[in-house]
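# Fold and geometry: a report
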Amino acid sequence: MRAESHDPLQDSAFAQLYAQVQQFYARHLQVLDSGSATAWAETFAEDGSLDLPGAAEPVRGRAAIVESMSRSAAAFAAAGETRRHWHGMLDVTERLDGSIGVRCYALVFRTVRDNPSTLHRVCVCEDVLVREDGVLKVRTRRVTRDDSH
Amino acid sequence: MRAESHDPLQDSAFAQLYAQVQQFYARHLQVLDSGSATAWAETFAEDGSLDLPGAAEPVRGRAAIVESMSRSAAAFAAAGETRRHWHGMLDVTERLDGSIGVRCYALVFRTVRDNPSTLHRVCVCEDVLVREDGVLKVRTRRVTRDDSH
Amino acid sequence: MRAESHDPLQDSAFAQLYAQVQQFYARHLQVLDSGSATAWAETFAEDGSLDLPGAAEPVRGRAAIVESMSRSAAAFAAAGETRRHWHGMLDVTERLDGSIGVRCYALVFRTVRDNPSTLHRVCVCEDVLVREDGVLKVRTRRVTRDDSH
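This section reports on the structure supplied with the text. (Residues numbered from 1 in each chain as written. Chains lettered and ligands numbered in written order. Predicted model: local features only at pLDDT ≥ 70, side-chain atom pairs only at ≥ 80, totals over all residues. Heavy atoms only, no water.)

## What to know about the relation of the copies chain B and chain C
Let me state the cut-off plainly: A least-squares superposition brings the copies together, and it is based on the C-alpha atoms of residues with pLDDT no lower than 70 in both. Should any heavy atoms of two residues lie within 4.5 Å, those residues are considered in contact.
Superposition of chain B onto chain C requires a rotation of 120° combined with a translation of 0.0 Å along the rotation axis, giving an RMSD of 0.0 Å. The superposition operator between the copies reduces to a three-fold rotation axis. Across chain B, the rotation axis passes nearest the C-alpha of A15 of chain B, at a separation of 3.6 Å. The two copies present different faces, since only 18% of the interface residues in chain B are matched by interface residues at the equivalent positions in chain C.

## Here we look at helix α4 (residues 62-79) of chain C
Residues and elements named next belong to chain C. Where we set the bar: Helix and strand definitions follow DSSP, with helices as H or I runs of at least four residues and strands as E runs of at least two, each counted in order from the N terminus. The span you would expect from a helix comes to 1.5 Å times its residue count less one. The buried label goes to any residue with under 20% of its type's maximum accessible area, the exposed label to any with over 50%, and the partly exposed label to all in between, with areas taken from a 1.4 Å probe on protein chains only. Throughout, the arc means the angular range of directions from the helix axis out to the C-beta atoms.
Taking 1.5 Å per residue, 18 residues should reach 26 Å; α4 reaches 26 Å between its end C-alpha atoms and fits that length. Regarding α4, the residues found buried are R62, I65, S68 and M69. Taken end-on, α4 shows its buried residues confined to a sector of 130°, consistent with a single buried face. The exposed residues of α4 that point more than 90 degrees off its buried face are A63, E67, R71 and A78.

## Quick notes on unusual backbone geometry
Residue and element names in this part refer to chain A. The backbone of M89 sits at a positive phi, close to 55°, despite the residue not being glycine. On the secondary structure map, M89 appears in strand β3 (residues 81-94). Even without glycine at this site, D114 takes up a positive phi of about 70°. Note on placement: D114 falls in the loop between β4 (100-112) and β5 (118-132).

## Things to note about the pattern of salt bridges
Close approach of charged atoms lets side chains of opposite charge pair. This is how the line gets drawn: A side-chain nitrogen of Lys or Arg and a carboxyl oxygen of Asp or Glu constitute a salt bridge if their distance falls within 4 Å.
For the structure shown, the criterion picks out 36 salt bridges over all chains. For the salt bridge of D91 of chain C with R27 of chain B, the shortest nitrogen-to-oxygen distance reads 2.8 Å. Taken together, the positions of D91 of chain C in strand β3 (residues 81-94) and R27 of chain B in helix α2 (residues 8-34) put the pair across two chains. The partner of D127 of chain C in a salt bridge is R141 of chain C, and the shortest N-O contact between them spans 2.7 Å.

## Details of the relation of the copies chain A and chain C
Superposition record for chain A on chain C: RMSD 0.0 Å, screw rotation 120°, translation along axis 0.0 Å. Residue by residue, only 17% of the interface of chain A is reproduced at the interface of chain C, so the copies engage with different surfaces.

## Some remarks on the interface of chain B and chain C
Often, the extent of an interface is quoted as the loss of accessible area on bringing the components together. As a reminder, the rule being used: Simply put, the buried area is the total loss of 1.4 Å probe accessible area from both parts when two parts are fitted together. Identification of polar contacts relies on pairs of N or O atoms within 3.5 Å, with a donor-acceptor requirement for protein atoms, meaning one able to donate a hydrogen and the other able to accept it, and with residues adjacent in sequence counted only if both atoms are side-chain atoms.
On the chain C side, the residues contacting the 28 residues of chain B number 30 residues. Overall, the association of chain B and chain C removes approximately 2500 Å² of surface from exposure, summing both partners, and the carbon and sulfur fraction of that is 58%. Our count for the chain B to chain C interface comes out at two salt bridges. At the junction of chain B and chain C, the tally comes to ten residue pairs in polar contact (both at pLDDT 80 or more). For the side of chain B that touches chain C, the secondary-structure elements that each account for two or more residues are α2, β3 (81-94), β4 (100-112) and β5 (118-132) of chain B.

## Description of the interface of chain A and chain C
To be explicit about the condition: Asp, Glu, Lys and Arg are counted as charged, while Ala, Val, Leu, Ile, Met, Phe, Trp, Tyr, Cys and Pro are counted as nonpolar; the rest, among them Gly, fall into the polar class.
On the side of chain C, 28 residues touch chain A, which itself brings 30 residues to the contact. Linking chain A with chain C are two salt bridges, by the criterion used here. Of the charged contacts, one joins D146 of chain A and R84 of chain C as a salt bridge, the two residues approaching to 2.8 Å between their closest N and O atoms. Linking chain A with chain C are ten residue pairs in polar contact (both at pLDDT 80 or more), by the criterion used here. Elements with a minimum of two residues in the side of chain A that touches chain C: α1 (3-6), α2 (8-34), β3, β4 and β5 of chain A. Per element, the largest residue contribution to the side of chain A that touches chain C is eight residues, and it comes from β3 of chain A. Of the residues that constitute the side of chain A that touches chain C, the class distribution is 16 nonpolar, eight polar and six charged.

If you want it as structure tokens, here you go:
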């Protein structure tokens, strides 16, 4: 067995990181789906960027993230629509600069009130996470959709 | 960085809790989908309660959980129907009284024999978990459906 | 509380294993969906076997895994089709011989270019994982489909 795979300290540090990243996404995505634009923006680094499919260019910085998210949330509320974002299959890598790379899959479910819930999108999400005051934040996100690439 | 986010003992305890909760739900939901009403009831605290959408009031206590689950399992078996419950995006919080709060998303998939599998429900699940003899159990569960609230 | 559930060393070892298994599946399935047959075969033990629904008998050994995967990948590429495999609800057990048993659920999503993504399959996956040079590998896998059993 290779030493680096069985150094208990390293294994333990990886387990801690993996749990933190899962917990981060859980709250991050529940905040997104709750429609709280300010709370959502605070889960990004101050200079965080968000590169979404179909957008001409990435959304950059918390003010822009609040604005973009507020617009979406208002449209969903007007349409009686609930979205649920799931991240899964998290491939988590510690990078040399201390940031954390995550490549994962993302599902979006959509429910229009009084209608059946449906699978809306299957995506791939590539994030770089950083710690601000010890708390994980998204520095960069790039999402691609399986149905349009 | 904030001290409380980087106390290795605390990080380690959180990682242990997060893994236990994930393992708990895995077995808990596989037992549910297997149709074993008694084994299912044992994953709840003695006085556990289950507040499901559409029910007039919560199911309370193991005897009532066995009865309600047996009825569902018999109906699914008669209809040649398999359900698969997925919990995900687990937001896990330790509470002051030692219980564990979980707010998560829940998917239900449905397959009628020889027919394609379908997405049946998208839900939000709010649990309070407790330890009985060191083993996690559901004390209270409240589920809401995205398509009817 | 039972001693064995609260031995911190044991809880810590379980958390480490659970995180490793999750990380293993994340990369394993991303490699599968990327279509890299050689990289995929390397995530199996040298004598690994793969028992898939509808196949007359299991695929055995890395050479056979490469061949079978190459065929599928070529067919998907020709059809402009992307698959995404999700494992979830991982029930992870350490076995006496040092191998790791996992019973989990598996979803397959399918997207044909320029068409909406769809849920393709709901399955149950039973794996035995082993360590080779400290790295997790699949020794045996058995998959059953909910829509045909």
